[in-house]
Each structure stands twice: as C-alpha cells, then as structure tokens.
Amino acid sequence: VQLQASGGGLVQAGGSLRLSCTTSGGTFSNYIMGWFRQAPGKEREFIASISRNGRDTDLSDSVKGRFTISRDNAKNTVSLQMNSMKPEDTAVYSCAARFSFSSFTAGRTASYGHWGQGTLVTVSS
C-alpha cells in the first residue's frame, strides 16, 4: 500500500492545521493507521493511531486534548486535526499503515509496515 501525506505548513502558536493521508494499492480498511512525527535532532515519536473501523483511537499524552485522528474508509483517507498548536509541535509528520485483523488499534510501540513521505509542520511562537 502506498501512502501520501499532505496538509503541512506554517501556523502560528494557538492555531490549527489538518493533515491528510491518502492511500492506494491496498484495502484501506484492513489497516490500522498511525501518525508519527520527528523533530530535528530527535527520535521519531508516536502521535496517534486509529483502528480499522475508526472506533478505537489512541493519542500520545503530548497531543491528547489538542489533536484528533479520524478516518474515512470510503475515501481511503486518515486525517489528523491539530488544534491549539505549540512551537514544540514543529516536526515532520508521517502517516503509516499496519495490516491487522484486530478490531482495536495498535500499541504505541507497534511496528508499521508501510510509510508515507513526511509533511513538514512548523509552528511559530
């Protein structure tokens, strides 16, 4: 499955941005979807994941209450709505897909077999 992320850009602190990730080449509903980010000089960080049917989600403590993950299986798209953004949210954000038979989302350290290219998000103070 191929993934294409979009929606990154420059936003002021306190603002909002919505990232989208569109997939092709596979049955989208067979995959748990995740969002990760990597800031300069730092390791890649789990941000959010969503189960195959969208009913189960997980968000990291650093973004819980500010970010929301959702998916539209009819459009093969997973989105990350980012609100109340902070300068520390600045990073390259990547989407990923994990094939699964489970009805639940994956653990935060689970491996993902498919990755899209990143999209840069910059939050100015």
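See the structure printed just above.
A brief structural summary. Just so it is clear, the model here is predicted, and its values are computed rather than measured.

Thoughts on the overall build of the protein chain
Phase 1: On a plain count of helices and strands, the protein chain comes out with zero helices and 11 strands.
Phase 2: Secondary structure of the protein chain in N-to-C order comes out as β-β-β-β-β-β-β-β-β-β-β.
Phase 3: Over its C-alpha atoms the protein chain spans a radius of gyration of 13 Å, differing by no more than 12% from the 14 Å that the globule rule assigns to 125 residues.
Phase 4: Projecting the C-alpha coordinates of the protein chain onto the three principal axes gives extents of approximately 40 × 25 × 25 Å.
Phase 5: Residue burial in the protein chain is summarised as follows: out of 125 residues, 42% are buried.
Phase 6: The long-range fraction of contacts in the protein chain, counting pairs at least 24 apart against all pairs at least 6 apart in sequence, stands at 60%.
Phase 7: In the structure as shown, the protein chain presents an accessible area of about 6,300 Å², 47% of it carried by carbon and sulfur atoms.
Phase 8: In the protein chain, 13 positive and 8 negative side-chain charges are present, and the distance between their average locations comes to 5 Å.

Description of the sheet that holds strand S7 (residues 67-72)
Phase 1: Spatially, the four strands line up as an open sheet ordered S1-S3-S8-S7, and their pairing is antiparallel. Each edge of the open sheet is held by one strand with a lone partner, namely strand S1 (2-6) and S7. For this sheet, the mean angle separating the axes of adjacent strands, direction not counted, is 15 degrees.
Phase 2: The sheet contact formed by strand S3 (residues 17-24) and strand S8 (residues 77-82) spans six bridges and is antiparallel. Bridging across to S8, Ser20 finds its partner in Ser79.

A short note on the pairing of S1
Phase 1: Judged by which residues are buried, S1 turns out to be one-sided: Leu3 and Ala5 face inward and are buried, whereas Gln2, Gln4 and Ser6, on the alternate face, are not.
Phase 2: Pairing of S1 with S3 involves five bridges; the strand directions are antiparallel. Bridge assignment links Ser6 to a residue of S3, and that residue is Ser20.

Quick word on unusual backbone geometry
Phase 1: Positive phi outside glycine occurs at Asn76, with the angle close to 55 degrees.
Phase 2: With respect to the element layout, Asn76 can be found in the loop between S7 and S8.
Phase 3: Although it is not a glycine, Ser84 sits at a positive phi angle of roughly 50 degrees.
Phase 4: Residue position: Ser84 is located in the loop between S8 and strand S9 (91-99).

Points about the packing of aromatic side chains
Phase 1: As enumerated under the stated definition, the model contains six aromatic pairs in all.
Phase 2: With a centroid separation of 5.6 Å and an interplanar angle of 80 degrees, the aromatic rings of Tyr31 and Phe99 are classed as edge-to-face. Separated by 68 residues along the polypeptide, Tyr31 in strand S4 (residues 31-38) and Phe99 in strand S9 bring together distant segments of the chain.
Phase 3: Plain terms: the ring middles of Phe36 and Trp115 are 4.9 Å apart, the flat faces sit at 50 degrees to each other, and that makes the pair tilted. Residue Phe36 is located in strand S4, and its partner Trp115 is located in strand S10 (residues 114-115); the two are separated by 79 residues in the primary sequence.
Phase 4: You can call Phe36 buried: its relative accessible area is 7%.
Phase 5: The cationic tip of Arg71 hangs over the ring face of Phe28; the distance from NZ or CZ to the ring centre is 4.3 Å.

A word on the environment of Ser103
Phase 1: Along the chain, the position of Ser103 falls in the loop between S9 and S10.
Phase 2: Along the chain, Ser103 and Ile32 lie 71 residues apart, while their C-alpha atoms are 9.1 Å from each other.
Phase 3: Apart from the residues lying within four places of it in its own chain, the contact partners of Ser103 are Ser51, Asn53 and Asp56.

What counts, and where the lines are drawn
- Residues numbered from 1 in each chain as written.
- Predicted model: local features only at pLDDT ≥ 70, side-chain atom pairs only at ≥ 80, totals over all residues.
- Heavy atoms only, no water.
- Helix = DSSP H or I, 4+ residues; strand = E, 2+ residues; numbered from the N terminus.
- Rg over C-alpha atoms; globule rule 2.2 N^0.38 Å.
- Buried < 20%, exposed > 50% of the residue type's maximum accessible area, 1.4 Å probe, protein only.
- Contact = heavy atoms within 4.5 Å.
- Areas by Shrake-Rupley, 256 points an atom, 1.4 Å probe, with all protein chains shown as cover.
- Lys, Arg positive; Asp, Glu negative; His and termini not counted.
- Charge placed at Lys NZ, Arg CZ, Asp CG, Glu CD.
- Pairing = 2+ DSSP bridges.
- Axes fitted to C-alpha atoms, helices over the stretch in contact; angles between N-to-C directions.
- Phe/Tyr/Trp six-rings, centres within 6.5 Å; stacked < 30°, edge-to-face > 60°.
- Lys NZ or Arg CZ within 6 Å of the ring centre and 35° of its normal.

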